[in-house]
Amino acid sequence: MPDPLGDISYTWPFYAAAVIGYLIGSIPFGLVLTKMAGLGDVRKIGSGNIGATNVLRTGNKGLALATLLLDGGKGALAVILANSFFTQDYAVLAGGGAFLGHLFPIWLKFKGGKGVATFIGVMLAISWPAGLGVALTWLLTALIFRISSLSALVAAALAPVYIYILQTFSPIGGTYYGDTQRIEFAAMMALLIFIRHRENIGRLLKGEEPRIGKKKS
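Residues numbered from 1 in each chain as written. Predicted model: local features only at pLDDT ≥ 70, side-chain atom pairs only at ≥ 80, totals over all residues. Heavy atoms only, no water.

(A) A look at the UniProt feature "transmembrane region" (unreviewed entry) in the protein chain. UniProt annotation of "transmembrane region" (unreviewed entry) refers to residues 12-34, 90-108, 115-138 and 144-165 when read in the numbering used here. Here residues 90-108 runs as 74% helix and 0% strand, with 26 Å between its end C-alpha atoms. Between the C-alpha atoms that bound residues 144-165 there is a distance of 25 Å. The span itself is 91% helix and 0% strand. (UniProt positions renumbered as here; feature names shortened; annotations may be inferred. Helix = DSSP H or I, 4+ residues; strand = E, 2+ residues; numbered from the N terminus.)

Written as structure tokens, this is what we have:
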């Protein structure tokens, strides 16, 4: 077996998948779209975040939806490209790169969003049944409580559970939908989402977290 650290033919896909995924994930669609629409810098309103929830605070629902889809799409795109050119293992790596790219984009001095839409896009691409479960969990929680951060935290926490269930009980589980690597990967992304939402968690505990669509002072 070739040495992973010494055989360039073995290592270059590793770096290529990670770097390409990161660069795709670093595209700040929320910021780009709001500036193109003449709404200024979205980082200067509301939470200062570049994600869809803060874009919604501009009052433009269309831009918020576009941001949501594009942020999710870039995560899925990174996985699909890596899976097409390399293997499923590298696809997971590219998805992780895209997720980190959204959190720490090089174009914005590593100050990015909270990664929820990109996380869902990555999950849908590496395991569409688990990703669908995550997306529906976010949507259902949002419909009930109208709090974006709570929806994100619940959906992220359940992501590894959904993959585990697929691996253990589902006939479509197998190595693609439910291997241990993907459980650990989902858990890592969930942990980062919780860390990025630490201020939101504090407000949730105090009952001060704003609801979806409400402008934050």
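(B) Up close: helix α10 (residues 180-196). If you check α10, its first and last C-alpha atoms are 25 Å apart, about what 17 residues at 1.5 Å a residue would give, namely 24 Å. Burial in α10 covers these residues: Arg182, Ile183, Phe185, Ala186, Met189, Ala190 and Ile193. Projected onto a plane normal to the axis of α10, the buried residues spread over an arc of 165° and lie on a single side. Across α10 from its buried face, at more than 90 degrees, point the exposed residues Glu184 and Leu191. (Expected span 1.5 Å × (residues − 1). Buried < 20%, exposed > 50% of the residue type's maximum accessible area, 1.4 Å probe, protein only. Arc of directions from axis to C-beta.)

(C) A look at the pattern of salt bridges. One pass over the structure, following the stated rule, counts three salt bridges. Here Asp71 and Lys74 are joined by a salt bridge, their closest N and O atoms 3.5 Å apart. With Asp71 and Lys74 both in helix α4 (residues 61-85) and three residues apart, the pair spans about one turn of that helix. With relative accessibility at 3%, the residue Lys74 sits in the buried group. A salt bridge links Arg203 to Glu209; its shortest N-O distance comes to 2.7 Å. Judged by relative accessible area, which is 12%, Glu209 ranks as buried. (Salt bridge = Lys/Arg side-chain N within 4 Å of Asp/Glu carboxyl O.)

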